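Geometric and topological summary
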Amino acid sequence: MQILGVDVGGSGVKGALVETQTGELLTERIRLETPQPATPDAIGATIAELVRLHEWKGPVGIGFPAAIQRGVARTAANVDKSFIGLDVVECFSRHTGLPCYVANDADVAGLAEIGFGAGKDRPGVVMIITIGTGLGTALFADGRLLPNTELGHIYLDNGEEAEAFASGAVRDNESLKWNAWGKRFNRYLTQMEFLFWPDLIVLGGGASAKLEKFADQLTVAAPVVAASFLNQAGIVGAALFAETQLKTSKS
Ligand code: BGC
């Protein structure tokens, strides 16, 4: 099935047409700047623009950087606070005029990796961590997702919030070298391992393509690998999520 996958991030809103049977992108990825302030109407209009640029008339899967409970945003760390409590499914469907399906961005990136990527056929606990403006997490046990784990917001043993200490945005803003940032990120991974004991850790987002630059700073016991879809996992997974929702609503 073909579905438009959209990944809403703190700095860019990215989309492409996805073949959900294979996880393949059927069109070039298009990236638009995330509007500032990132209000519901502004983001809705940006998603509608992506739909228009793709000349798309079908279902739209959207990964959004917040906890999404039955279509309602519950948090808003890197988008406008007016998202909290908003029915994002209704908002984005209204803006695009198309059926929209919305879930947490890291959760959908995880769906792509578990379905077709680094986490495929991996038993046990798989943790996906997306590194971007925020730190997103998705937790799978034997292939089943526990949704909305907001583990980028835990506090580390140095009293810092993980996302404010080791996100991709922090690396950029503080111009940290990969080694220095890798040490910070390792502190976060160590905490994650101590709490969840994942059998595999998959890194997504911008930094995933640079894993070799900080891999030697990582001391966790679990294998740490880059997402097979790198920073496109969110787009692919958003489409996979929409497909699951469509199938469930039909059955
Ligand atoms: C948000 C999460 C999101 C992550 C990555 C965090 O700030 O709270 O919901 O998954 O950023 O975008």
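Here, the structure is the one placed above.
Below is a short write-up of the structure. (Residues numbered from 1 in each chain as written. Predicted model: local features only at pLDDT ≥ 70, side-chain atom pairs only at ≥ 80, totals over all residues. Heavy atoms only, no water.)

1. A short note on the pattern of salt bridges
One pass over the full model with this rule turns up eight salt bridges. For Asp7, the salt bridge identified is with Lys14, shortest N-O distance 3.9 Å. Residue classification places Asp7 among the buried positions, given a relative accessible area of 10%. Put simply, Glu174 and Arg184 hold a salt bridge, and the shortest N to O gap is 3.0 Å. Here Arg184 lies in helix H6 (residues 178-196) and Glu174 lies in the loop between helix H5 (168-173) and H6, a separation of ten residues in the sequence. For Arg184, a relative accessible area of 19% gives the class buried. (Salt bridge = Lys/Arg side-chain N within 4 Å of Asp/Glu carboxyl O. Buried < 20%, exposed > 50% of the residue type's maximum accessible area, 1.4 Å probe, protein only. Helix = DSSP H or I, 4+ residues; strand = E, 2+ residues; numbered from the N terminus.)

2. Points about the nonpolar core
In terms of nonpolar packing, the biggest core is built from 28 residues, with Ile129, Trp181, Phe185, Tyr188, Leu203 and Phe214 touching the most fellow members. Those elements giving two or more residues to this core turn out to be strand S9 (125-131), strand S10 (135-141), helix H4 (162-166), H6, strand S12 (200-205) and helix H7 (211-214). In terms of residue count, H6 provides more of this core than any other element does, six residues in total. Residues Leu4, Val6, Cys91 and Leu98 belong to the second largest nonpolar core, which totals 27 residues. (Core = buried A, V, L, I, M, F, W, Y, C linked by side-chain atoms within 4.5 Å.)

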